Amino acid sequence: QVLCQTGQVYFIDIFRSDWLRYNLTTPSTGNEFLAYMKFEPKTSLVFDLTYKVESKYRNHSNAKTPLVETLEGIKRNFQFRFTFQPRKSLIFLSRLKGNSYKINENNTIGYCLSQDVLWIKPKFQIKSRIAYFYSEDYLNRHYIYEHDVLYSYSMVNYYGHGLRGYILFKFSPIRLLDLWFKASIFDYFNVDNIGSGISMIPGNKKAEIKCQVRIKF
């Protein structure tokens, strides 16, 4: 790993597994390479770009043969972010993510475009996002961190084709009291149901509401 004063990071990882792994029934080798570049012309304006390539073996089957083969899969990811902070309390974060996965001459893609708006004051905060996403295959899904209520960690899985939005409020009217409220929704395109079995949701929308109160003594 190399870290320069110019905001560049390069990372390479070469690994070997002598035993079985998830979705792989033989020993295997692989490698990962990551490059990160950051440009900050002024404190209120930041651009950064991340590019990552992963090469890993996995089990693969197709409709032409019942046999399961062990093939090399190559996944490429990139992310471009633009952060603008016109005021100390106001932040705009634009993000573009894309990826491709290739195995046995089969190439699939995915991408996600999101816009975050954060307004942060000592007694009141609003954090929100709207995102448009598409993933051709489950291996093209996107993971993006999402702000949540206290002690709750959200790394949301963007899979399929649709929209994702959320808004999170935090209100601290007095020193001993904090209140959180979060509303989020997935709106999928061209689906009639979400999930399967007993967890299946009729329709193409999945919404969630969270409320939390903290009283400090």
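Residues numbered from 1 in each chain as written. Predicted model: local features only at pLDDT ≥ 70, side-chain atom pairs only at ≥ 80, totals over all residues. Heavy atoms only, no water.

Caption draft 1: Fine view of a nonpolar patch on the surface. On the surface, Y10, I12, I14, F33, M37, L49, Y51, F78, F80, L96 and L113 cluster together into a nonpolar patch covering about 990 Å² of accessible area. For the nonpolar patch, the elements supplying multiple residues, two or more each, are β2 (8-17), β3 (28-42), β4 (45-62) and β5 (65-87). Take the nonpolar patch: its biggest share by element is three residues, from β2. (Patch = residues over 30% accessible without salt bridge, like charges linked within 9 Å, V, L, I, M, F, W, Y side chains within 5 Å. Areas by Shrake-Rupley, 256 points an atom, 1.4 Å probe, with all protein chains shown as cover. Salt bridge = Lys/Arg side-chain N within 4 Å of Asp/Glu carboxyl O. Helix = DSSP H or I, 4+ residues; strand = E, 2+ residues; numbered from the N terminus.)

Caption draft 2: Representation of the environment of T108 within the structure. Structurally, T108 is set in strand β7 (residues 106-120). Owing to a relative accessible area of 8%, T108 belongs among the buried residues under this scheme. Distance from T108 to K123, taken between C-alpha atoms, is 46 Å for residues 15 residues apart in sequence. Other than its neighbours up to four places away in sequence, T108 contacts N99, S100, Y101, E136, D137 and N140. For T108, the side chain forms a polar contact with the side chain of N140, separated by 2.7 Å. (Buried < 20%, exposed > 50% of the residue type's maximum accessible area, 1.4 Å probe, protein only. Contact = heavy atoms within 4.5 Å. Polar contact = N/O pair within 3.5 Å; in protein donor to acceptor, adjacent residues only side chain to side chain.)

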